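Listed below are the residues making up each chain.
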Amino acid sequence: SLGYLRTKEGVLNEFIYHWLKSDLFHRLVEEKIAGSSQKNLNTGWLKEFFVVLPPQNEQKCIAQALSDVDSMISSLKKLIAKKKLLKQGAMQELLTGKKRLPGFDGQWSTINLSKKSKIKARIGWQGLTTNEYLDDGFAYLVTGTDFVDGRIDWNGCHYVAKARFDQDKNIQIQNDDVLITKDGSLGKTECWYIMDAKPGATIVIGHNAKDHDEVKSMIEKGQWNDFIRVIPVHKGDFFFRYSLLII
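Keep in mind that what you see is a predicted model, and the values were worked out from it rather than measured.

Conventions and cut-offs
- Residues numbered from 1 in each chain as written.
- Predicted model: local features only at pLDDT ≥ 70, side-chain atom pairs only at ≥ 80, totals over all residues.
- Heavy atoms only, no water.
- Phe/Tyr/Trp six-rings, centres within 6.5 Å; stacked < 30°, edge-to-face > 60°.
- Helix = DSSP H or I, 4+ residues; strand = E, 2+ residues; numbered from the N terminus.
- Buried < 20%, exposed > 50% of the residue type's maximum accessible area, 1.4 Å probe, protein only.
- Arc of directions from axis to C-beta.
- Patch = residues over 30% accessible without salt bridge, like charges linked within 9 Å, V, L, I, M, F, W, Y side chains within 5 Å.
- Areas by Shrake-Rupley, 256 points an atom, 1.4 Å probe, with all protein chains shown as cover.
- Salt bridge = Lys/Arg side-chain N within 4 Å of Asp/Glu carboxyl O.
- Expected span 1.5 Å × (residues − 1).
- Contact = heavy atoms within 4.5 Å.

J.: Break down the packing of aromatic side chains for me, with residues and values.
T.: One pair of aromatic rings is described through two measures. These are the centre distance and the angle between the planes. Per the stated rule, a full pass over the model turns up 6 aromatic pairs. Each ring, one from F25 and one from F49, has its centre 5.8 Å from the other, and the planes form 85°; the classification is edge-to-face. Highlighted residues: F25 in helix α2 (residues 23-34) and F49 in the loop between α3 (43-48) and α4 (56-94), separated in sequence by 24 residues. Of the residues examined, F25 reaches a relative accessible area of 6% and is grouped as buried. Pairing Y140 with Y159 gives two aromatic rings, centres 4.7 Å apart and planes at 25°, and the pair type is stacked. Linking Y140 in strand β1 (residues 139-141) with Y159 in strand β4 (residues 158-160), this pair joins segments that are 19 residues apart in sequence. Residue Y140 is classed as partly exposed on the basis of its relative accessible area of 40%. Among the aromatic residues, ring-to-ring pairing joins W19, F25 and F49 into one connected group.

J.: Got a sec to walk through helix α1 (residues 13-21)? Specific residues and values, please.
T.: Those residues of α1 that fall on the buried side of the exposure criterion are F15, I16, H18 and W19. In an axial view of α1, the angular spread of the buried residues amounts to 160°, which keeps them on one side of the axis.

J.: Let's hear about a nonpolar patch on the surface: which residues, and what values?
T.: Together, V69, M72, I73, L76, L79 and I80 line one region of the surface with nonpolar side chains, adding up to about 520 Å² of accessible area. Mapping L79 onto the fold places it in helix α4.

J.: Just give me the short version of α4, but keep the residues and values in it.
T.: Since the α-helix advances by 3.6 residues per turn, residues separated by three or four positions end up pointing in the same direction. Counted at 1.5 Å a residue, the expected span for α4 with its 39 residues is 57 Å, and the 56 Å between its end C-alpha atoms agrees. Every buried residue of α4 is accounted for by Q59, A63 and E93. Those residues of α4 that are buried are in contact with α1 and α7 (212-221).

J.: So what about the pattern of salt bridges? Which residues, and what values?
T.: All chains considered together, the criterion is met by 4 salt bridges. Residues D70 and K21 are paired through a salt bridge, measuring 3.4 Å at the closest nitrogen-oxygen approach. Taken together, the residues span a long stretch of sequence, with D70 in helix α4 and K21 in helix α1 at a distance of 49 residues. D70 gets classed as partly exposed once you look at its relative accessible area, which sits at 30%. Linking K162 and D166 is a salt bridge whose minimum nitrogen-to-oxygen distance equals 2.6 Å. Since its relative accessible area comes to 41%, D166 is described here as partly exposed.

And the structure:
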């Protein structure tokens, strides 16, 4: 569901926007949900929340400082996205032998994974329930949702008791094992509403390349201005983006 909050005199919407994004607000919502049978936020709850509000000029300075940090994070994300595209291009070249590192030559060999490794599919305990997930225990429990950027997020993992761990050696992972998971999604559909925009404001949506070869060529040549699609935006604009797209 979608709603809006319109501030009154003395309250800056930019300050309230950052407050709504903060952990302070999220904790209030979690506490409210924990004590209710209704598991979604509603306007009735919002009306019950209290916000510690500084003077208006201080609200403006705080909101601006936080917006500056958001802009810096956004710039870093764009830079990381560019580097990831460069890495994908390098992987296509280096992992297929099309391009060799300096000092290396000779033919590559072809192997069958089943003959050069031990593959175990659908690893897991039969009948394991979430009631057996422990905050502390003998061994980490790694699930398909415990991965971030190709690595295990150990801070998000639960534990299992030793008795459960000892039941099956086939599911006891070891150092240097490669874990494969299909959990997650291929992106998500999003809707963007431009609440406000300065004159000349733009957003970046996708790229202008026509095919894979043009993507590769533009990245290798560093033609970022031609590659990245920049669209002018105005207050009230609405954008709908399907999943599986680069945005």
